[in-house]
Structures are given as structure tokens and as C-alpha cells.
Amino acid sequence: MKTIHVSVVTPDGPVYEDDVEMVSVKAKSGELGILPGHIPLVAPLEISAARLKKDGKTQYIAVSGGFLEVRPDKVTILAQAAERAEDIDVLRAKAAKERAERRLQSQQDDIDFKRAELALKRAMNRLSVAEMK
């Protein structure tokens, strides 16, 4: 079966590098499925799970936004933060979720609600991906 090379990279360095059969991600424009030979594409990503299919198994990576670059033989995901499902610290993610929820529920004027909302989305995504492993 044909494969496509995938690199998931953050400012801290590479998170994932391998050849897979299919990549599925959630872009701002909707769900994308990428197979070997896909046309070139650049798309902004949502906070979501990247699904990488290899040998009949699916691996999950929590991606905190970023960009997807597709070439016929390579997919690169450039993300501000990304974690493989098995590397997610569930207790830390739960604590981050609770902190964000408290910020959103508080009625203080100095709270940046958009930032708290994004923190909550990132934490929920990490928890969701951790459950998929």
C-alpha cells in the first residue's frame, strides 16, 4: 500500500515523523482526508485531533491549531503545540480544563475570555485525544 510521509512539528521540535497510509485533520474549512498523491495544499488547522492511519491502526495527536502543508509525497503539520495520545498528562489536562472553566465562570473584568475559551478548547482536545489511545 502507498504511504505518505508525515511530520508534526512544534517550536519545541518534532513530535511525530513516519510514513502513514492516510492523514485526517480538521481545518478551518472542514475535515480533510489526505492520501498519498494528494494535490498541494496549505490550510489553517482547528484545535483538534490529527488521525494518522498506519497498518490498520490509527494514531492520534492533539494539535493546538497551526497549519497543514500538503505535497504529493509529504504532509507537514506546523503547530504551536502538539502531543501524541500516549504522551498526554491527563491530570495536567484536567487541571487546565478546570482553571479555564473557573476563569470563564468568574465575573471579573480583567479576565480575557477569548484566551480562557481557547485554553478550555485545548484542554478538552487533549483529554479527548488521551481517551483515544
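Everything numeric in this text was worked out from a predicted model, so none of it was measured.

### Concerning the nonpolar core
Reasoning step 1: Counting residues in each nonpolar core, the largest one holds 21 residues, and the members touching the most others are Val6, Val23, Val75 and Ile77.
Reasoning step 2: Residue assignment for this core shows that the elements contributing at least two residues are β1 (4-10), β2 (13-20), β3 (22-27), β5 (41-54), β6 (57-71) and β7 (74-78).
Reasoning step 3: Here Val75 is in contact with Ile4, His5, Val6, Ser7, Val23, Ile34, Leu68, Glu69 and Val70, once residues within four sequence places are set aside.
Reasoning step 4: By size, the runner-up hydrophobic cluster in this structure holds 7 residues, among which are Ala49, Tyr60, Ala85 and Val129.

### Here we look at a positive patch on the surface
Reasoning step 1: Residues Arg92, Arg99, Arg102, Arg103, Arg115 and Arg122 make up a contiguous surface patch of positive charge.
Reasoning step 2: Elements that contribute at least two residues to the positive patch include exactly α1 (90-105) and α2 (113-132).
Reasoning step 3: Tracing the backbone through its elements, the reader meets Arg115 in helix α2.
Reasoning step 4: Using a relative accessible area of 61% as the deciding quantity, one classes Arg115 as exposed.

### Quick notes on the pattern of salt bridges
Reasoning step 1: Summed over the entire model, instances satisfying the criterion amount to 6 salt bridges.
Reasoning step 2: Between Asp18 and Lys54 there is a salt bridge, with its nearest N and O atoms 2.7 Å apart. Here Asp18, found in strand β2, pairs with Lys54, found in strand β5; they are 36 residues apart in sequence, far enough to count as distant.
Reasoning step 3: Notably, a salt bridge pairs Glu86 with Arg84, separated by 3.0 Å at the nearest N-O pair.
Reasoning step 4: On the basis of relative accessibility, which here comes to 47%, the residue Glu86 falls in the partly exposed class.
Reasoning step 5: By relative accessible area, Arg84 is classed as partly exposed at 24%.

### Notes on the side chain of Thr10
Reasoning step 1: Position of Thr10 among the secondary structure elements: in strand β1.
Reasoning step 2: Setting aside residues no more than four positions away along its own chain, Thr10 makes contact with Val15, Ala79, Gln80, Ala81 and Ala82.

### Remarks on the domain arrangement of the protein
Reasoning step 1: Under the domain assignment used here, the protein contains domain 1 (4-84) and domain 2 (90-131).
Reasoning step 2: Computed over C-alpha atoms only, the centres of domain 1 and domain 2 are separated by 24 Å.
Reasoning step 3: Contact with domain 1, which involves 9 residues of that partner, is made by 6 residues of domain 2.
Reasoning step 4: With both sides pooled, the region where domain 1 packs onto domain 2 buries about 600 Å², and carbon together with sulfur makes up 65% of that total.
Reasoning step 5: Broken down residue by residue, the surface that domain 1 buries against domain 2 is led by Ile47, Ala62 and Glu83, which jointly contribute 67%.
Reasoning step 6: Remark: the boundary between domain 1 and domain 2 carries 1 salt bridge.
Reasoning step 7: There are 4 residue pairs in polar contact (both at pLDDT 80 or more) connecting domain 1 and domain 2.
Reasoning step 8: Contributing elements (two or more residues each) for the side of domain 1 that touches domain 2: β5 and β6.

The rules behind each value
Residues numbered from 1 in each chain as written. Predicted model: local features only at pLDDT ≥ 70, side-chain atom pairs only at ≥ 80, totals over all residues. Heavy atoms only, no water. Core = buried A, V, L, I, M, F, W, Y, C linked by side-chain atoms within 4.5 Å. Buried < 20%, exposed > 50% of the residue type's maximum accessible area, 1.4 Å probe, protein only. Helix = DSSP H or I, 4+ residues; strand = E, 2+ residues; numbered from the N terminus. Contact = heavy atoms within 4.5 Å. Patch = residues over 30% accessible without salt bridge, like charges linked within 9 Å, V, L, I, M, F, W, Y side chains within 5 Å. Areas by Shrake-Rupley, 256 points an atom, 1.4 Å probe, with all protein chains shown as cover. Salt bridge = Lys/Arg side-chain N within 4 Å of Asp/Glu carboxyl O. Lys, Arg positive; Asp, Glu negative; His and termini not counted. Charge placed at Lys NZ, Arg CZ, Asp CG, Glu CD. Domains from an automatic or database assignment. Buried area = accessible area lost by both parts, 1.4 Å probe. Polar contact = N/O pair within 3.5 Å; in protein donor to acceptor, adjacent residues only side chain to side chain.

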